[in-house]
Amino acid sequence: SGSSQGGRGALIVLEGLDRSGKSSQCARLLSFLQGKGCQAEGWRFPDRGTSVGQMISAYLANESELDDRTIHLLFSANRWEKRALMERKLLGGTTLIVDRYSYSGVAFSAAKGLDIEWCKAPENGLIAPDLVVYLDVQPEKAAERGGYGGERYEKIEFQKKVGEHYHSLRDSTWKVVDGSLPMEVVEEQLKELAMSCILECQSKQLASLAW
Ligand code: NYM
Ligand code: MG
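Now for a description of the structure that goes with this document. Computed from a predicted structure; not experimentally measured.

1. Structural notes on the nonpolar core
Ranked by size, the top nonpolar core spans 36 residues in total, and within it Leu11, Met86, Val98, Tyr101, Tyr103, Val162 and Tyr166 carry the most contacts. Every residue in contact with Val98, bar those within four places of it in the chain, is listed here: Leu11, Ile12, Val13, Leu14, Cys26, Trp43, Phe45 and Met86. By size, the runner-up hydrophobic cluster in this structure holds 21 residues, among which are Leu33, Ile97, Leu190 and Cys197.

Shown next as structure tokens:
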């Protein structure tokens, strides 16, 4: 069973600050793709459903304390434990719409003051995204959107630093979309980017992150 058009699926990642609209846009994009008969699934990191994910979730909820490098490696391990399944899905023709990935891993940890090259190292060898869409929203704007949920990192000053580190991670797979535009406008831009990416991936091999 491949996709209806044959070829592998695309690894499409949405990135951005907390409250930038990623989760809503992932859901909209996913239902659009599925409505078109495209084989697609929605994923997110952290994946809080695994035992590593539960440790991460407790840390984010301030229910546990962890050394900065230790939690960094847990976020990375949480992607590694999903790598084999991710590869199987993509090769089987399923497109994955992923809410956060390695870029979150590096940007949030580097914002705490950890060395950025040290932060990148454990991400090497994970599957490289075919498209990264960064939803660009000013930290002040993001905070206005119903406020933050009270998890660790959800503070304007910290989010500003995260944004600067995201900026330094931009590469050729990145597209920046203005996340302050109306939801429907952002949605249209995402649909177009995703459709052309999915088409291109049918004749493009999977690659690994090499930072
Ligand atoms: N986060 C997420 C990290 O610090 N490192 C990572 O590798 C990932 C994937 O977790 N503030 C942070 C970003 C968010 C928080 O994510 C929880 P979400 O999308 O709000 O559930
Ligand atoms: Mg959040």
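Read on, since the account is not over.
2. Comments concerning the sheet that holds strand β2 (residues 40-44)
Ordered in space as β2-β3-β1-β4-β5, the 5 strands form an open sheet in which the pairing is parallel. The open sheet has two free edges, formed respectively by β2 and β5 (174-178), since each of these has just one partner strand. Across the sheet, the mean angle from the axis of one strand to that of its neighbour is 20°, orientation sign disregarded. The pairing of strand β4 (residues 131-136) with β5 spans 5 bridges and is parallel. Pairing of Val132 across the sheet is with Trp174, part of β5. Together, β1 (11-15), β2, β3 (95-99) and β4 form the strand contacts of helix α1 (residues 22-35), whose direction differs from that of β3 by roughly 165°.

3. Points about the packing of aromatic side chains
Going through the model one piece at a time under the given rule, you end up with 12 aromatic pairs. A network of ring pairs unites the aromatic residues Tyr59, Tyr103, Phe108, Tyr134, Tyr153, Phe158, Tyr166, Trp174 and Trp211 as a single cluster. Across from the ring centre of Tyr59, 3.8 Å away, lies the NZ or CZ of Arg152, which sits over that ring.

4. Regarding the packing of helix α2 (residues 51-60) against helix α3 (residues 68-80)
Where α2 contacts α3, the two axes come as close as 9 Å, and the packing angle between them is 135°. When the axis of α2 is compared with that of α3, the two are oblique. Once α2 is placed against α3, the crossing between them reads as left-handed. Taking contact as the criterion, the partners of Val52, Gly53, Met55, Ile56, Tyr59 and Leu60 in α2 are, on α3, Asp68, Ile71, Leu74, Phe75 and Asn78. When the residues that make up the contact of α2 with α3 are grouped by side-chain class, the tally is 8 nonpolar, 2 polar and 1 charged.

5. Some remarks on the environment of Leu11
Mapping Leu11 onto the fold places it in strand β1. Looking at Leu11, the relative accessible area reads 0%, which means it is buried. The spacing of Leu11 and Thr95 is 84 residues in sequence and 6.1 Å in space, taken between C-alpha atoms. Leaving out residues up to four positions away in the same chain, Leu11 has contacts with Met86, Leu90, Leu96, Val98, Tyr101, Ile127, Ala128, Pro129, Asp130 and Leu131.

6. Topic: helix α4 (residues 83-91)
Residues lying three or four places apart along an α-helix face the same way, a consequence of the helix completing one turn every 3.6 residues. When α4 is considered as a whole, its buried residues turn out to be Arg83, Met86 and Leu90. Taken end-on, α4 shows its buried residues confined to a sector of 60°, consistent with a single buried face. Of the residues in α4, the exposed ones pointing more than 90 degrees away from the buried face are Arg88 and Leu91. Where the residues of α4 are buried, they touch β1, β2, α3 and β3. Backbone geometry just after α4 places Gly93 at a positive phi near 100°.

7. Considering the site of ligand 1
Around ligand 1, the structure places 14 residues, and the nearest of them are Asp18, Arg48, Arg79, Arg100 and Gly105. Between ligand 1 and Asp18 there is a distance of 2.8 Å, counted from a nitrogen atom to a side-chain nitrogen or oxygen. One of the backbone nitrogen or oxygen atoms of Gly105 is found 3.3 Å away from an oxygen atom of ligand 1. Within the complex, the protein chains bury 95% of what would otherwise be the 480 Å² of accessible surface of ligand 1. For the shell around ligand 1, the secondary-structure elements that each account for two or more residues are α3 and α5 (102-110). The dominant element in the shell around ligand 1, judged by the number of residues it contributes, is α5, at 3 residues. Of the residues belonging to the shell around ligand 1, the class tally is 6 nonpolar, 2 polar and 6 charged.

The rules behind each value
Residues numbered from 1 in each chain as written. Chains lettered and ligands numbered in written order. Predicted model: local features only at pLDDT ≥ 70, side-chain atom pairs only at ≥ 80, totals over all residues. Heavy atoms only, no water. Core = buried A, V, L, I, M, F, W, Y, C linked by side-chain atoms within 4.5 Å. Buried < 20%, exposed > 50% of the residue type's maximum accessible area, 1.4 Å probe, protein only. Contact = heavy atoms within 4.5 Å. Pairing = 2+ DSSP bridges. Helix = DSSP H or I, 4+ residues; strand = E, 2+ residues; numbered from the N terminus. Axes fitted to C-alpha atoms, helices over the stretch in contact; angles between N-to-C directions. Phe/Tyr/Trp six-rings, centres within 6.5 Å; stacked < 30°, edge-to-face > 60°. Lys NZ or Arg CZ within 6 Å of the ring centre and 35° of its normal. Parallel < 35°, antiparallel > 145°, perpendicular 65-115°, else oblique. Left-handed = near helix turned anticlockwise from the far one by under 90°. Nonpolar A, V, L, I, M, F, W, Y, C, P; charged D, E, K, R; others polar. Arc of directions from axis to C-beta. Near = heavy atom within 4 Å. Polar contact = N/O pair within 3.5 Å; in protein donor to acceptor, adjacent residues only side chain to side chain. Areas by Shrake-Rupley, 256 points an atom, 1.4 Å probe, with all protein chains shown as cover.

Distances and angles like these do not, on their own, reveal function.
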